[in-house]
Structures are given as structure tokens and as C-alpha cells.
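Chain by chain, the residues:
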Amino acid sequence: MTGTTERWTPVRQRGPSPAPAPAPADPERAASVRSIAEELSGVRGPLLPILHEVVETHGFVHDDDVPVIAEVLNLSRADVLGVVSFYHDFRRTPPAAHRVALCRAEACQARGAEATYASAADRWAGSTEVEVGEVFCLGNCALGPSGTLDGTLHARLTPDRLDALTEEWAR
Ligand code: FES
């Protein structure tokens, strides 16, 4: 992500400032997002760091965050929205309570990752409590299939092991 940061950060607009943003539905959140944006507006290529911090702090980028960030950076809303929608990291909806991220890169595939992924995807299909996602190499190839459960790395994941590790998560 670091290597692509500057390439995708739009150039600041010249000319008049964008129209003021409409009043956000959650003024407290808007104030927090504004504070994040203002604090990071001085860094080089500020948009991506701001969006990462918004996701870190609030879990996702709400539609109402876009005009706030655009205003602080003197960008158009379309510029901000374009970056938000380009990167998967900048989710637009609140995260589920739990997240399973399974590696589907080659080394883990060779050790049976697809069966674990298919099992997890099937088990949690339609769940609002658990999200199943894919990652491509966690640097734990020798101990694959690898994955993270709520951010904690686990090795040698099988469907049964994954079921056991997530046993207490509500369906
Ligand atoms: S390929 Fe899965 S951790 Fe590297």
C-alpha cells in the first residue's frame, strides 16, 4: 500500500473552493473526521493516510465523511470518492463483529487453503456477525494455510480447526 500512496492521491484543485458540505447526519462523527483530516492534511499525499485513519477510528468511510475530507483538502467530492472506491481497504459499510481473512496465495493453496476458504465462506454466508475475506500472503507461507481471525494470525488452518477457533462466534 505504501508504494502506491502517492500515485493515487489526487492533485489539489486550483481555482475556487468546492461548495460547502451539507450538514452531516452525525455531527460528532463529522467533527472527528474533520479533526483527523486537519491533523493529517500537512503530510505528503494526505488523502490515503486520512482515509486509513478514518477507517481505523470509525470502522469505515461513511458517505458523510467524503465532503468533510474534500473540504479540508480542497478537493472535489468526486476525487475523494474515486480514491475511496478504488481501494478495498476503504470499506463503505460498518464492519461485522468478527473477521476471518484467509490466505489464498500459492503456498497456502498448495497446502489446502481453498477447502478452508470454501468451508468458511459457506459457513458464514449471509452472516452479519462474521465476514470472510481473502488475503494474498501473510508472510507465513511455511505454516499455511494461514489466515487471521479478528487480526490474529493463525497457521495450519483446516475447516475443522477454523470451526473450532470460531466456535463461540454467533451465526
Ligand atoms: S502464501 Fe499464504 S502466507 Fe504466504
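Everything below is about the structure shown above.
Here's a quick rundown of the structure. (Residues numbered from 1 in each chain as written. Predicted model: local features only at pLDDT ≥ 70, side-chain atom pairs only at ≥ 80, totals over all residues. Heavy atoms only, no water.)

### Focus on unusual backbone geometry
Convention followed: Elements are defined by DSSP. Helices are runs of H or I of four residues or more, strands are runs of E of two residues or more, and each kind is numbered from the N terminus.
A cis amide bond links Gly144 with the next residue in sequence, Pro145, at an omega value of -5°. One non-glycine residue, Asp150, lies in positive phi territory at about 50°. Within the secondary structure layout, Asp150 lies in the loop between strand E3 (147-149) and strand E4 (152-154).

### Things to note about the pattern of salt bridges
Basically, it comes down to this: Take a side-chain nitrogen of Lys or Arg and a carboxyl oxygen of Asp or Glu: if they are within 4 Å of each other, that pair is a salt bridge. Burial classes: relative accessible area under 20% of the type maximum marks a residue as buried, over 50% as exposed, and values in between as partly exposed (1.4 Å probe, protein chains only).
This structure, assessed with the given rule, holds eight salt bridges. The partner of Arg123 in a salt bridge is Asp163, and the shortest N-O contact between them spans 3.1 Å. In this pair, Arg123 sits in helix H6 (residues 113-123) while Asp163 sits in helix H7 (residues 159-165), placing the two residues 40 residues apart along the sequence. Residue Arg123 is classed as buried on the basis of its relative accessible area of 18%. Overlapping salt bridges, with partners in common, bring together Arg91, Arg99 and Glu131 in one network.

### What to know about the nonpolar core
Inclusion rule: For the purposes of this section, nonpolar cores are sets of buried Ala, Val, Leu, Ile, Met, Phe, Trp, Tyr and Cys residues that join through side-chain atoms within 4.5 Å. Contacts were defined at the residue level, with two residues in contact if any of their heavy atoms lie within 4.5 Å.
Counting residues in each nonpolar core, the largest one holds 24 residues, and the members touching the most others are Leu47, Ile50, Leu51, Val61, Ile69, Val80 and Phe90. For Val80, the residues in contact, after removing those within four places along its chain, are Leu47, Val66, Ile69, Ala70 and Leu75. Leu102, Tyr117, Trp124 and Trp169 belong to the second-largest nonpolar core, a separate cluster that totals 10 residues.

### Quick look at helix H2 (residues 47-58)
For clarity, the cut-off: In this analysis, the expected span of each helix is defined as 1.5 Å times one less than the number of residues it contains. The arc under discussion is defined with respect to the helix axis, by the directions toward the C-beta atoms.
Compared with the 16 Å implied by 1.5 Å per residue over 12 residues, the 16 Å span of H2 between its first and last C-alpha is a close match. Within the span of H2, buried status applies to Leu47, Leu48, Ile50, Leu51, Val54 and Val55. Seen end-on, H2 carries its buried residues on one side only, within an arc spanning 160°. Buried residues along H2 sit against helix H1 (27-40), helix H3 (65-73) and helix H4 (77-86). Looking at the residues trailing H2, positive phi occurs at Gly59, about 90°.

### Things to note about the packing of aromatic side chains
Selection criterion: When two rings of Phe, Tyr or Trp (its six-membered ring) have centres within 6.5 Å they constitute a pair, described as stacked for plane angles under 30 degrees, edge-to-face for angles over 60, and tilted for the intermediate range. Definition used: whenever NZ (Lys) or CZ (Arg) falls within 6 Å of the ring centre and also within 35 degrees of the ring normal, the charge is taken to sit over that ring.
Under the defined criterion, the tally for this structure stands at three aromatic pairs. On the numbers, 5.8 Å between centres and 80° between planes, the contact of Tyr87 with Phe90 is edge-to-face. What makes Phe90 buried here is its relative accessible area of 2%. For the ring pair Trp124 and Trp169, a centre distance of 6.3 Å and an interplane angle of 50° mean the geometry is tilted. Pair noted here: Trp124 is in the loop between H6 and strand E2 (130-135) and Trp169 is in the segment after H7, with a separation of 45 residues, a long-range link. For Trp169, a relative accessible area of 11% gives the class buried. Members of the aromatic cluster, each reached through a chain of ring pairs, are Phe86, Tyr87 and Phe90. Just above the ring of Phe60 sits the side chain of Arg29; from NZ or CZ to the centre is 4.6 Å. In this structure, Arg104 packs its charged tip against the face of Tyr117, placed 3.8 Å from the ring centre.

Read these as geometric descriptors, not functional statements.
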